[in-house]
Amino acid sequence: MRNGRVCPANVGLFLPSTCMLARCTVRPFVMPKMMPTRLELWDDSTSRWLFNDREQRALRHVDYNVQELISSACVSVGATGCTKMIKLAEGSFNKVFRLSFNNGQTAIARIPSTLMFGSGVSWATSSEVATLHAMRNVVKLRVPKVLAWAKDATNPVGSPYIILEDIAGVPLHHEWTLPDTRGPPVAKMLLAVANIMARPAILPFARLGSLYFREDFPSQPQAPLLPEGYARELPDFEASATVGPIADLLWWRPLHDELGFNRGPWDNIEECIRSAVALERRAVQRHREDPSSLCFTRSKLEDLDEVECLLSKVEDMALHLEAVFSSMNCPQWSTRGTLVHPDLRANNLIVPPRTADNIESRLADPVIIDWQGTSILPFPFQAHIPHVATYEPEIFDADGNPMISIDGNEVSPLPPDFAQLSPALQALAEAEHRRAMRQRLFVRVLTHDQRSEWNMTLTTGFFPKLIHPLFQGILRACADGPLGLRHLLMGIEQIWQDTSDFWGPVPFSFTEQERETHEREMERRRIFEGKLRLLMGRLHCGEDGGVDEEQYETAMEELEKARSEWNEGECGGPFPFEDGKWGQFL
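What you see is a predicted model; the values in this text were computed from it and never measured. (Residues numbered from 1 in each chain as written. Predicted model: local features only at pLDDT ≥ 70, side-chain atom pairs only at ≥ 80, totals over all residues. Heavy atoms only, no water.)

Lay out the overall build of the protein with the relevant residues and their values.
Counting secondary structure elements, the protein contains 22 helices and 17 strands. Computed over C-alpha atoms, the radius of gyration of the protein comes to 24 Å, within 12% of the 25 Å expected from 2.2 N^0.38 for 586 residues, which places it in the range of a compact globule. With the principal axes as the frame, the protein shows a C-alpha extent of 70 × 55 × 55 Å. Here the protein holds 586 residues, and the buried ones make up 52% of them. Long-range pairs, those at least 24 residues apart, make up 69% of the contacts in the protein between residues at least 6 apart in sequence. When the accessible surface of the protein is summed, it comes to about 26100 Å², and 53% of that surface belongs to carbon and sulfur atoms. Between the averaged position of the 60 positive side-chain charges in the protein and that of its 78 negative side-chain charges there is a distance of 5 Å. (Helix = DSSP H or I, 4+ residues; strand = E, 2+ residues; numbered from the N terminus. Rg over C-alpha atoms; globule rule 2.2 N^0.38 Å. Buried < 20%, exposed > 50% of the residue type's maximum accessible area, 1.4 Å probe, protein only. Contact = heavy atoms within 4.5 Å. Areas by Shrake-Rupley, 256 points an atom, 1.4 Å probe, with all protein chains shown as cover. Lys, Arg positive; Asp, Glu negative; His and termini not counted. Charge placed at Lys NZ, Arg CZ, Asp CG, Glu CD.)

Here you go:
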């Protein structure tokens, strides 16, 4: 197994084991005079949470040996010392540092939040490294080169880590929403994003799960990576890589993190869905055994019966998906896997710094970072509009409805009273409209070929809205409450009924009373989410209550005012920002 080793910079093939170097043992390395604080090294130093603060901060704490991390980075770039280490970024999943060395080079060190991933952290790390090498050497996308890495804590650093090439550039999110980011540069970026999604998806994997090096499974019989024709064309890739357990965090959440469950690889989508259902059924069982574990979820004890019923409907549907795909002349969708970047957002796209000479060209060929948790699943489960091209409303009326909306692929015009709005609000409305038009343009770029799989999936709401989020609905049914999974299944049932001449009878059903009850719950949830959006805007925070450290005290004062003004009946539910309430990662 590759664990705690260093890769030379001139690897040309798909990283065969003969290209690995043993860890250098030269000591001592020169430690940097400029270092992050203890808080910055091991904890989330930039955020606080308006509720569940203690739990959120604990989840992001990571223990590791900083000196050993620096030593490993020095070896990877051929340096004898590190002159500076700064914290570049942190989120829920990783802490990211830039290291400068005494030979003039720089590198990026990334430490995953091990508590966030549980025992899945080693799979997530191993799979991401293999995926990066495949994207760089097989698909020929621009991704950072991996210089060194360790998959688990059994190394001198005491934690999984990845040392990466430092890409010269800036994250796209610094300018993606600015008023002057428009016209041809935006069109070039959307075309580039479409290519980033489409090019890896061309490879048809023979099994479902996530990508790894073959030597990560030395004692297991090696199943084919690609169908025979592709394997002949890519012999190095076929010999070096394999499909293993799925690395998506959803499958490793706290109530799913147990041994003995099938997390792949799978031969077909029915097996995959049944495995997800089995994991969530185990979560139901554990919640029944310990009702206090429902803290931080949106479920009550009485909701668990419905969750189990919905999971049974999912299983019934899984039996028939192969027939559905065959009726669309795409039987391979049931058994062939597709790899697509899981989180294409602006801060995961690195572009050159802006100069007078590159305004038109700089957005045309970004470097793509953060492939953590990439899955190999059938194409319909991967087809979606990525975050960077998705229109997310930021301006709402008093009822929480967006000022600019998208119906299908049509964008609503600017509001009728646009001329009466203040100049500041006019500028915001125009920015909203530009972002909505970007989504429309992106879909047109990706679906220009009327015969393409992207056209068959993205031009209808069925796949991106109901099939792509299905595993989220299954594996978070207890955490988020039954409403979300029920909503997906009712949507699938309706479309299936409309297409039953081709797809056959719907394999599950809901009663009229269940639909009426669901509509009342959905209306209440829509009201709640509208009020929640207004509350988040007022407090300048995310849905989990996260704010910048320097804004915490002010936001807490405003929170107390908002709590006193909240009316549960009018707002569709109880005040959301209370300790013990729902948290996405808790």
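Which residues make up the sheet that holds strand β12 (residues 349-351), and what values go with them?
Here we have three strands laid out as an open sheet, ordered β8-β12-β13, and antiparallel in their pairing. On the outer flanks of this sheet lie β8 (170-171) and β13 (367-368), each paired with one strand and no other. In this structure, β8 lies alongside β12, joined through two bridges in antiparallel fashion. Its bridge partner lying in β12, Val 170 is registered against Val 351. (Pairing = 2+ DSSP bridges.)

Describe the pattern of salt bridges, naming the residues involved and giving the relevant values.
Scanning all chains against the criterion turns up 36 salt bridges. Residue Arg 48 pairs with Glu 549 through a salt bridge whose shortest N-O separation is 3.8 Å. Here Arg 48 is found in strand β2 (residues 47-49), whereas its partner Glu 549 is found in the loop between β17 (546-548) and α21 (552-565), with 501 residues between them in sequence. Judged by relative accessible area, which is 33%, Glu 549 ranks as partly exposed. With a shortest N-O distance of 2.6 Å, Arg 486 and Glu 306 are connected by a salt bridge. One end of the pair, Arg 486, is in helix α18 (residues 482-498); the other, Glu 306, is in helix α10 (residues 304-318), with 180 residues separating them in the sequence. The class for Glu 306 is partly exposed, based on a relative accessible area of 26%. One salt-bridge network, held together by shared partners, links Glu 258, Arg 282, Arg 286 and Glu 289. (Salt bridge = Lys/Arg side-chain N within 4 Å of Asp/Glu carboxyl O.)

I'd like to hear about the packing of helix α9 (residues 269-289) against α10, residue by residue, with values.
Interhelical geometry of α9 versus α10 gives an angle of 170 degrees and a closest axis separation of 10 Å. Judged by the angle between their axes, α9 and α10 are roughly antiparallel. Here Glu 270, Ile 273, Arg 274, Val 277, Glu 280, Arg 281, Val 284, His 287 and Arg 288 of α9 come into contact with α10, specifically with Leu 304, Asp 305, Val 307, Glu 308, Leu 311, Ser 312, Val 314, Glu 315 and Ala 318. (Axes fitted to C-alpha atoms, helices over the stretch in contact; angles between N-to-C directions. Parallel < 35°, antiparallel > 145°, perpendicular 65-115°, else oblique.)

So what's going on with the pairing of strand β5 (residues 106-112)? Which residues, and what values?
Along any regular strand the residues' side chains alternate between the sheet's two faces. β5 sits mainly inside the fold: six of its seven residues count as buried. Across seven bridges, strand β4 (residues 94-101) lies against β5 in antiparallel orientation. For Ser 100, the partnering residue across the bridge sits in β5 and is Thr 106. Of the strand pairs in this sheet, β5 and strand β7 (residues 161-165) are connected by four bridges, and their pairing is antiparallel. Residue pairing in the sheet places Arg 110 in a bridge with Ile 162 of β7.

I'd like a rundown of helix α20 (residues 512-539), residues and numbers included.
The end-to-end C-alpha separation of α20 is 40 Å, in line with the 40 Å expected for 28 residues at 1.5 Å each. On its buried side, α20 packs onto α18, β17, α21 and α22 (568-571). Just downstream of α20, His 540 is the residue with a positive phi angle, here 55 degrees. (Expected span 1.5 Å × (residues − 1).)

So what about the pairing of β4? Which residues, and what values?
Within β4, seven of the eight residues are buried, which leaves the element mostly enclosed by the surrounding structure. Where strand β3 (residues 82-90) lies against β4, seven bridges are found, and the strand directions are antiparallel. Residue Lys 87 lies in a different strand from β4, and its bridge partner there is Phe 97. The antiparallel pairing of β3 with β4 creates a hairpin that spans three residues between the two strands. Where β4 folds back on β5, the antiparallel hairpin that results is connected by four residues, among which Gly 104 adopts a positive phi of roughly 90 degrees.

Summarise the packing of aromatic side chains; cite the residues concerned and give the values.
Under the criterion given, the structure shown has 21 aromatic pairs. Centroid distance Trp 123 to Phe 217: 5.7 Å. Interplanar angle 10 degrees. Geometry classified as stacked. Of this pair, Trp 123 sits in helix α5 (residues 121-139) while Phe 217 sits in the loop between β9 (210-213) and α7 (228-233), and the two are 94 residues apart along the sequence. According to the relative accessible area criterion, Trp 123 is partly exposed, its value standing at 21%. We classify Phe 217 as buried; its relative accessible area is 8%. For the pair Phe 575 and Phe 577, a centre-to-centre distance of 6.3 Å together with 70 degrees between the ring planes defines the contact as edge-to-face. Overall, Phe 575 belongs to the buried group, its relative accessible area being 6%. Note on Phe 577: relative accessible area 1%, which makes it buried. Among the aromatic residues, ring-to-ring pairing joins Phe 51, Phe 528, Trp 566, Phe 575 and Phe 577 into one connected group. Seen from the ring of Tyr 552, Arg 48 lies directly overhead, with NZ or CZ sitting 4.0 Å from the centre. Over the face of the ring belonging to Trp 582 we find Arg 298, whose NZ or CZ atom lies 3.9 Å from the ring centre. (Phe/Tyr/Trp six-rings, centres within 6.5 Å; stacked < 30°, edge-to-face > 60°. Lys NZ or Arg CZ within 6 Å of the ring centre and 35° of its normal.)

Help me get a handle on the nonpolar core, residues and values and all.
Among the nonpolar cores identified, the biggest contains 102 residues, and Phe 205, Phe 237, Trp 251, Ile 273, Phe 381, Phe 471 and Ile 474 are the most heavily contacted of them. Dropping the residues within four chain positions of it, Trp 251 is found in contact with Ile 246, His 256, Asn 262, Arg 263, Trp 266, Cys 272, Ser 275, Ala 276, Leu 279, Phe 471 and Leu 475. Core analysis: the next-biggest nonpolar cluster, separate from the first, contains 25 residues, Trp 42, Cys 82, Met 85 and Ile 111 among them. (Core = buried A, V, L, I, M, F, W, Y, C linked by side-chain atoms within 4.5 Å.)

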